[in-house]
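Report on the structure
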Amino acid sequence: MMERREILLSAENVSKNFAFPRSLTQRLTGKPAVAVHALNGVSFDLHRGETLGIVGESGCGKSTLARCLVRLHDCDEGRIMFEGRDVAALKGTERRQFNARVQMIFQDPYSSLNPRMRVRQILAEALGVHKMKPKAQIPARIAELLDLVRLPADAADKYPHEFSGGQRQRIGIARALAVEPEVLVADELVSALDVSVQAQVVNLLLQLQEQLHLTVVFVAHDLRLVRHISHRVAVMYLGKIVELGQTEALFTAPRHPYTKVLLDAAPELDPARRSKTVAVKGELPSPVNLPTGCLFNTRCPHAFNRCFTDRPVLTARDPDHLAACHLTDFGLPFQNELTA
Amino acid sequence: MTPALEVSHLTTQFTSGSGKVTAVDDVSFAVMPGQVLGLVGESGSGKSVTLRSLLRLLPRTAQIEGRVIWQGQDLIGMSEKQLRSVRGGDISMIFQEPMTALNPVLPVWLQIDENLRTHTSLSASERVARARELMDLVGISDAPRRLLQYPHQFSGGMRQRVMIAIALASNPKLLLADEPTTALDVTIQDQILKLILSLRDKLAMSVVLVTHDLGVVATTCDHMAVMYAGRIVETGAVSSVFAQPSHAYTRGLLGSVPRAGTQRSQLLSIEGTPPSLSAIPKGCSFHPRCEFATDICRRSTPAMLPQSATHAAACFHSDRVIAAGSPVGAQ
Ligand SMILES: Nc1ncnc2c1ncn2[C@@H]1O[C@H](COP(=O)(O)OP(=O)(O)OP(=O)(O)O)[C@@H](O)[C@H]1O
Ligand SMILES: Nc1ncnc2c1ncn2[C@@H]1O[C@H](COP(=O)(O)OP(=O)(O)OP(=O)(O)O)[C@@H](O)[C@H]1O
Ligand code: SF4
Ligand code: SF4
Ligand SMILES: [Mg+2]
Ligand SMILES: [Mg+2]
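Parameters and conventions
Residue numbers restart at each chain and count upward from 1, following the sequence in its written direction. Here chains are named by letter from A upward and ligands by number from 1 upward, in the order in which they appear as written. Residues qualify for local features only when their pLDDT is at least 70, as the model is predicted, and side-chain atom pairs are given and counted only at 80 or more; totals for whole chains, interfaces and linings, by contrast, use all residues. Each side-chain value is worked out from all heavy atoms of the structure, with water and hydrogens disregarded. Segment limits for the domains were obtained from an automatic or database-derived domain assignment. What counts as buried area is the accessible surface, traced by a 1.4 Å probe, that two parts surrender upon association, with contributions from both included. In the sections that follow, a salt bridge refers to a side-chain nitrogen of Lys or Arg positioned within 4 Å of a carboxyl oxygen of Asp or Glu. Elements are defined by DSSP. Helices are runs of H or I of four residues or more, strands are runs of E of two residues or more, and each kind is numbered from the N terminus. The residue classification treats Ala, Val, Leu, Ile, Met, Phe, Trp, Tyr, Cys and Pro as nonpolar and Asp, Glu, Lys and Arg as charged. All others, Gly included, are polar. Contact between two residues is taken to exist if any of their heavy atoms lie within 4.5 Å; hydrogens are not considered. A 3.5 Å cut-off defines polar contacts: any pair of N or O atoms within that distance qualifies, except that in protein one atom must be a possible hydrogen donor and the other a possible acceptor, and neighbouring residues in sequence count only when both atoms are side-chain atoms. Aromatic pairing here means that ring centres of Phe, Tyr or Trp (its six-membered ring) are within 6.5 Å. Orientation follows from the plane angle: under 30 degrees is stacked, over 60 is edge-to-face, and everything else is tilted. Throughout, exposure labels follow a simple rule: accessible area from a 1.4 Å probe, protein chains only, divided by the maximum for the residue type, with under 20% read as buried, over 50% as exposed, and the rest as partly exposed. Note on pairing: DSSP must find at least two bridges between two strands before they are called paired. We call a residue near a given molecule or strand whenever any one of its heavy atoms falls within 4 Å of it. Per-residue and other accessible areas follow the Shrake-Rupley method at a 1.4 Å probe size, with only the shown protein chains counted as cover for residues.

**Focus on the domain arrangement of chain B**
All names here are of chain B. Domain assignment breaks chain B into domain 1 (5-221) and domain 2 (244-260 + 267-330). Distance between the C-alpha centres of domain 1 and domain 2: 30 Å. For the pair domain 1 and domain 2, the two sides together bury roughly 600 Å², of which 72% comes from carbon and sulfur. Counting the surface domain 1 buries against domain 2, the share from its top three residues, Val 21, Glu 42 and Leu 214, is 69%. Across the pair Glu 42 and Arg 289 runs a salt bridge, and its minimum N-O distance is 4.0 Å. With 3 residues, the top contributor of residues to the side of domain 1 that touches domain 2 is strand 2 (residues 19-31). The class makeup of the residues in the side of domain 1 that touches domain 2 is 3 nonpolar, 1 polar and 1 charged.

**Quick word on the interface of chain B and chain A**
Where interface size is quoted, it is often the accessible area lost as the parts come together. Between chain B and chain A, the residue contacts involve 49 residues of the former and 43 residues of the latter. Buried surface at the junction of chain B and chain A, both sides included, amounts to about 3800 Å², of which 53% is carbon and sulfur. There are 3 salt bridges connecting chain B and chain A. For the salt bridge of A:Lys276 with B:Asp201, the shortest nitrogen-to-oxygen distance reads 3.2 Å. For the interface between chain B and chain A, the tally reads 28 residue pairs in polar contact (both at pLDDT 80 or more). Elements with a minimum of two residues in the side of chain B that touches chain A: helix 7 (156-168), helix 8 (186-203), helix 9 (214-220), helix 10 (238-243) and helix 11 (248-256) of chain B. Sorting elements by how many residues they give to the side of chain B that touches chain A places helix 8 of chain B first, with 8 residues. Classifying every residue of the side of chain B that touches chain A by side-chain character gives 19 nonpolar, 20 polar and 10 charged.

**Description of the packing of aromatic side chains**
Residue and element names in this part refer to chain A. Throughout the structure, instances matching the rule amount to 7 aromatic pairs over all chains. Measuring from ring centre to ring centre gives 5.2 Å for Tyr 258 and Phe 296, while their planes differ by 70 degrees; the resulting arrangement is edge-to-face. Linking Tyr 258 in helix 11 (residues 257-265) with Phe 296 in the loop between helix 11 and strand 11 (315-318), this pair joins segments that are 38 residues apart in sequence. Residue Tyr 258 shares its accessibility class with Phe 296, and that shared class is buried. Three or more aromatic residues link up through ring pairs in this structure, and these residues are Tyr 237, Tyr 258 and Phe 296.

**A word on the pairing of strand 6 (residues 102-105) of chain A**
Residues and elements named next belong to chain A. Judged by which residues are buried, strand 6 turns out to be covered on both faces: Val 102 and Met 104 on one side and Gln 103 and Ile 105 on the other are all buried. In this sheet, strand 7 (residues 183-187) lies alongside strand 6 in parallel orientation, the contact comprising 4 bridges. Counterpart to Ile 105 in the pairing with strand 7 is Ala 186.

**Some points on the site of ligand 1**
Residues and elements named next belong to chain A. Taken together, the neighbourhood of ligand 1 is formed by 13 residues, with Ser 58, Gly 59, Lys 62, Ser 63 and Thr 64 sitting nearest. Cys 60 places a main-chain nitrogen or oxygen 3.3 Å from an oxygen atom of ligand 1. Thr 64 places a side-chain nitrogen or oxygen 2.5 Å from an oxygen atom of ligand 1. Protein contact buries 63% of the 640 Å² of open area that ligand 1 shows by itself. Those elements that provide at least two residues to the shell around ligand 1 are strand 2 (35-47) and helix 2 (62-69). Element by element, the count of residues in the shell around ligand 1 is highest for helix 2, at 3 residues. Partitioning the shell around ligand 1 into residue classes produces 5 nonpolar, 5 polar and 3 charged.

Printed below as a string of structure tokens:
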């Protein structure tokens, strides 16, 4: 799959907290402000040319991580490295270059496209901000971009509201591609779209990636989509990566109990495979009061003593397949139980 | 067996300043006792309006025609007063976003109690016991304390459980569920769907489950009906429709969902987008997007034709669609 493994972007032990809004009574009674622990020490490498999928349930920190990667958030702890340099230290021209080379595409194309601008202006603005092209070349580049995302040339003179959801998502992609980025960070790119239209956008993304040699971070909660599109997948739970591996290995032989229940809970497209047992009981704990020990211990069917005292770290039994679970230390018998 | 619910030629139109639009167009289906029927289709295809038409839960601008036979009576012709005793009684409904359906200023027990008072003859103390029992049934522990709480004190998944508890208060024989898990995480979706299935078994209810997720249909429903632009285009036993989709839209929809073993390949997508109600194409409304379309599809509307005893489709070229094979057939 990947011949070379050039590390383009990496997260090193990234943590991010948000202040939890206090109610009036809490402020009057002098209750201290509490923190939402959105990211709790996330580390991974992004290889040039790959698609890295990031999955996990609502609130596990996927969007926060995506925003840290493109510097829309600063990290509280840890750092994001791009080509071996800490992106927080980039200034002036270097910072602008980083902003152009690493682009984010948002979930809701409607709210991220200015409704009062024609598509032509939206794309010209993206080109202008990054001073990509001499003015005279801009119309040709706009035509090229629309062609790239399979929109008709006359789309340039329309406003965002004149398009369907799938088409608006294409405009968002065209805008991100305007500055010839190397990395696309796509946050729930197709989640709001109908299934038939989702497939169109996924097909387009796959084609563009080959054509333009893009590196993609694909954030989504839809496991089927992530499996389809990603070379490698990171599974997040409560602001931590709990498992990271090659897509097929992770989906067919998961090494973390949370990955296993997530896969069991996702409805399969096969009416012959039904089960009456619930994949996992209980709900996500609050990101304000994190459990001590393993973050998954409140729901894990395999939890034992150590899980309530020590937090497992992401470790590799095989360099391509990392998991953060104490069971991994015991090796394969548990593996069989997990994949049974 | 006689169906629990029989819907025939249901048509719902909305009148607005710019004229009339048909949101549900000549829809017929039946639900057998104890059966889970999945109503599947993309956004705007008419799933919610169909469900709401059954109980006439629509604004005044809606005009509903057809027959909805429930225990020998036609719900469409029934007086508003009679219908009120059916609603939330024998037939209960749950919605996608429980927050809009729950009353935010009433504690949960009052909302369950209201249903119990309207639809049962239980005494006050029996109602308290029944409310606790219902919380148990939907998997909310610590019922005495939780019953005193307000909807905002529950998580999304718990709120959906509360909705189901309220819906079950009257011992309904039919549960209409409109995307009850769409806003929830997969692990919670799994819990709620399995709860609905176990309640179906325990209480012998029938269920109509609206969803746009074919995975949910595959894992939860017995029968399915596929909607496109206000019409049902294919209906049948879930296993039969998945094994042999006979309408080009159903086949395309199944092919649009990524599945194992096809990583990073181009998905079988459907060109274009669903039509808007004000511009539904003539003939088969799917023809502008259909790779199988010929002249006849542009001229006439295909009728529902049986493929087998439990499977029917409205497509002029179902033989060619069947020959093209199911995208989810041999896995
Ligand atoms: N700007 C913010 N202020 C306060 N809390 C925030 C902010 N952004 C995110 N959070 C909190 O941080 C946690 C992680 O949120 P995040 O949006 O990253 O999750 P997510 O995995 O993207 O979820 P979803 O699947 O719902 O998009 C959540 O508890 C969220 O409420
Ligand atoms: N009160 C109304 N007045 C006018 N048109 C309406 C009204 N309610 C629904 N419609 C229209 O009827 C059509 C069918 O809507 P419906 O809500 O049934 O779709 P749906 O299949 O449930 O879609 P979704 O998956 O988005 O929930 C849509 O085009 C919608 O705009
Ligand atoms: S460390 Fe313990 S609680 Fe955490 S996932 Fe592994 S077995 Fe479960
Ligand atoms: S009737 Fe014609 S247009 Fe409609 S689905 Fe069948 S082949 Fe396609
Ligand atoms: Mg998010
Ligand atoms: Mg709906």
